[in-house]
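Chain residues, written in single-letter form:
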Amino acid sequence: MLTISHFARRFGLSRSTLLYYDRIGLLRPSGRSESNYRLYSPADVARMEQVDVYRKAGLPLADIARVLAADRGSLAQVLESRLRELGTQIQALRRQQQVLVALLRGRGARRRARTLDKQGWVAILRATGLSEDDMRRWHVEFEHGAPEAHQDFL
């Protein structure tokens, strides 16, 4: 059994975070010492490892609690929802990136941007020896084979 301090250190958390997790019912210690200190069992460690993975995936604590209390179907639903949220956020960030690139255009900062516009891609594909027909086939195949990635690319 681990004390709250040892448990917190193991997961890189503060003691107050673990107290909060206990208060909301996300992770309750399995026992208490004679001095009434919280004690965490191997099962608590395993549960915290799951919480840690879901936190790294960006899931809110309420969703984590729901997933840990429910069946696997709930997990898939929550993860798919988070994936959609991330896709939306990534698209918004790409739009912001495009606006910034446009604002910086002509100021020499464009060379430092980590995006390529259509002309840049065409130049690279042409430099590799692709003809106009080859590039068109590449584009059609990309659009057909990975429509979501194609949309993100655009």
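Keep in mind that what you see is a predicted model, and the values were worked out from it rather than measured.

Asker: Would you take a moment to explain the side chain of Asp22 for this structure?
Answerer: Mapping Asp22 onto the fold places it in helix α2 (residues 15–24). Overall, Asp22 belongs to the buried group, its relative accessible area being 12%. Only 3.0 Å separates the side chain of Asp22 from the side chain of Arg38, close enough to count as a polar contact. Among all residues touching Asp22, those that are not within four sequence positions of it are Leu27, Arg28, Pro29 and Arg38.

Asker: Please clarify how the packing of aromatic side chains should be interpreted in this entry.
Answerer: The geometry of an aromatic ring pair is captured by the separation of the ring centres together with the interplanar angle, meaning the angle of the planes. Throughout the structure, instances matching the rule amount to three aromatic pairs. Taking 4.1 Å as the distance between ring centres and 15° as the angle between the ring planes, the aromatic pair formed by Phe7 and Tyr40 counts as stacked. Of this pair, Phe7 sits in helix α1 (residues 4–11) while Tyr40 sits in strand β3 (residues 38–40), and the two are 33 residues apart along the sequence. Summarising the burial analysis for this pair, Phe7 and Tyr40 share the class buried. Between Trp121 and Trp138 the ring centres are 6.3 Å apart and the planes differ by 25°, which places this aromatic pair in the stacked class.

Asker: Sorry, what's going on with a nonpolar patch on the surface here?
Answerer: Together, Val99, Leu100, Leu103 and Leu104 make up an exposed nonpolar region whose accessible area comes to about 370 Å². When you line up the elements, Val99 lands in helix α5 (residues 72–104).

Conventions adopted
Residues numbered from 1 in each chain as written. Predicted model: local features only at pLDDT ≥ 70, side-chain atom pairs only at ≥ 80, totals over all residues. Heavy atoms only, no water. Helix = DSSP H or I, 4+ residues; strand = E, 2+ residues; numbered from the N terminus. Buried < 20%, exposed > 50% of the residue type's maximum accessible area, 1.4 Å probe, protein only. Polar contact = N/O pair within 3.5 Å; in protein donor to acceptor, adjacent residues only side chain to side chain. Contact = heavy atoms within 4.5 Å. Phe/Tyr/Trp six-rings, centres within 6.5 Å; stacked < 30°, edge-to-face > 60°. Patch = residues over 30% accessible without salt bridge, like charges linked within 9 Å, V, L, I, M, F, W, Y side chains within 5 Å. Areas by Shrake-Rupley, 256 points an atom, 1.4 Å probe, with all protein chains shown as cover. Salt bridge = Lys/Arg side-chain N within 4 Å of Asp/Glu carboxyl O.

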